[in-house]
Amino acid sequence: MLKEIREKVLNHQRITREEGMYLLQQAPLLELAPLANNWRYHYNPDKNVTFVVDTNLNYTNVCDAYCTFCAFYRTEKDSDAYTHTVDEMMDKIGQAYSKGVTRILMQGGLNSKLPLEYYENMLREAHKRFPDLSAHFYSAPEVKKMAQVSGLSVKDVLIRLKAAGLKSIPGGGSEVLTNRVKFKVSRLFPKGQVSDWTEVHREAHKLGIFTTATMMYGHLEEDEDIMEHLDVIRDLQDETKGFGAFIPWSFKKNDTALDKRIKEEAGPNKYLRIIALSRIYLDNIKHIQGSWFSEGKKTGQVSLHFGADDFGGTLFDENVMLAAGFYNRVTVDEVVTLIRESGFTPVERTTEYEILRKFERPEVVKA
Ligand code: SF4
């Protein structure tokens, strides 16, 4: 089967689900890299690897979805539950701004007490006080929650958020996009079905709001679910062309309800396979993001040779994985070094992949 797949990839043709499954389960790992790079250099012909200087802020950890894979959420009664005011969040944004971030990735729990106006005010204030910052706010489940609390449609919620300054939506909340997996990992089912996530992204794309697609694997899914997830993303992208990037990462189990059910977290082999498979299978998405953050810096570097052309965000503050005992931090200088060490040219970008600055190597002056 590898021969047929190679033929298709070299001609930039679509591979089938069966062929994708072969790459996921059977193909020799090192065969995947050149195949993935064929698509990588088709879409991104030079040796640039992009990244965004950003931070990940959370406005509330109160959530009534109780996902079994989540160590971040609290109930209202927990002593360490919090919901920040808009002013408190502006202080946090201000601190991040002074460190040079160009984008704020803001997400929170599904808090039934928060009205739509709270989210709108957050966007308006952020735009008023920090007009050159890009607001990458509110994942699909949060938008669904806003619709539920306000009684408006998802479309009308998005229209209001866009009017308040929303620039783009992160792909969080997809986990693995099959109802089999959703049923197993969230008590929110049937409200949190695959169609809820796709509805938000479809409506966002129709309104011209840029979004990313993600996948968090390594919990209760089977390989069939991973392939079905990729099909959901590929089909929606055929329809809307609104996803700018695909970002997979592996589940971290500490302090989650799944801790004892999952023997071992997925490692670099699976990650590199999924990065390469995504690059080959999602033939209609321009960027695949490798992660220094979730997989460790060394695996992140290797992912750049398995089809990833982007190194994600600097994520100066990150609290969701931190709640699962997972700590990883980086500086801009370190990101630049990691990319250079991997043989690529670091390029700072916006959320929408516009180039901000290129970190060319300083010329060596001979004595
Ligand atoms: S993953 Fe999100 S929706 Fe699920 S419990 Fe955690 S905060 Fe709530």
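In this text the structure is predicted, and so the values were computed from the model without any measurement. (Residues numbered from 1 in each chain as written. Predicted model: local features only at pLDDT ≥ 70, side-chain atom pairs only at ≥ 80, totals over all residues.)

1. Considerations on the packing of helix α1 (residues 2–10) against helix α3 (residues 29–43)
Quick note on the threshold: Lines are fitted to the C-alpha atoms to define the axes, a helix being fitted only along its stretch in contact, and any angle between axes, read from their N-to-C directions, falls within 0 to 180 degrees. Strands are runs of DSSP state E lasting at least 2 residues, helices are runs of H or I lasting at least 4, and numbering of each runs from the N terminus. Should an angle lie under 35 degrees it is considered roughly parallel, over 145 roughly antiparallel, and from 65 to 115 roughly perpendicular; all remaining angles are considered oblique. In this scheme, a crossing is called left-handed if the near helix is turned counterclockwise away from the far one by less than a right angle; it is called right-handed if the turn is clockwise. For the purpose of contact definition, each residue receives a C-beta atom placed from its backbone, and two residues are in contact when these atoms lie within 7 Å. Residues are grouped as follows: Ala, Val, Leu, Ile, Met, Phe, Trp, Tyr, Cys and Pro are nonpolar; Asp, Glu, Lys and Arg are charged; every other residue, Gly included, is polar.
Two numbers describe how α1 lies on α3: the axes approach to 9 Å, and their chain directions differ by 20°. As far as their axial angle goes, α3 and α1 are roughly parallel. The handedness of the crossing between α1 and α3 is left-handed. Mapping the contact onto sequence places L2, I5, R6, V9 and L10 in α1 and E31, L35, N38 and W39 in α3. For the contact of α1 with α3, the per-class residue count stands at six nonpolar, one polar and two charged.

2. Side note on helix α4 (residues 86–98)
Using the following cut-off: One less than the number of residues in a helix, times 1.5 Å, gives the span that helix is expected to have. Residues with at least 20 neighbouring C-beta atoms inside 10 Å of their own are called buried, those with 12 or fewer are called exposed, and the rest are partly exposed, where every C-beta is derived from the backbone. Working definition: the arc comes from the directions between the helix axis and the C-beta atoms, pointing outward to the latter.
Along its 13 residues, α4 runs 18 Å from first to last C-alpha, staying within 8% of the 18 Å computed at 1.5 Å per residue. Turning to α4, its buried residues number three or more, namely M89, I93 and A96. Down the axis of α4, the buried set is contained in an arc of 60°. They therefore lie on one face. In α4, the exposed positions that point more than 90 degrees away from the buried face belong to D87, E88, D91, G94 and S98. Residues of α4 that are buried in the fold lie against β2 (54–58), β3 (103–107) and α5 (116–129).

3. Considerations on the pairing of strand β10 (residues 345–349)
Regular strands place side chains that alternate from one sheet face to the opposite one. We apply this condition: Here, strands pair whenever DSSP counts at least two bridges between them.
Here strand β1 (residues 48–52) runs beside β10; their pairing, made up of four bridges, is parallel. Along β10, the bridge assignment pairs N48 with T345. With antiparallel pairing between neighbouring strands as the criterion, β10 and strand β11 (residues 355–358) make up a hairpin whose turn holds five residues, including Y353 at a positive phi of roughly 70°.

Taken by themselves, the reported measurements are silent on function.
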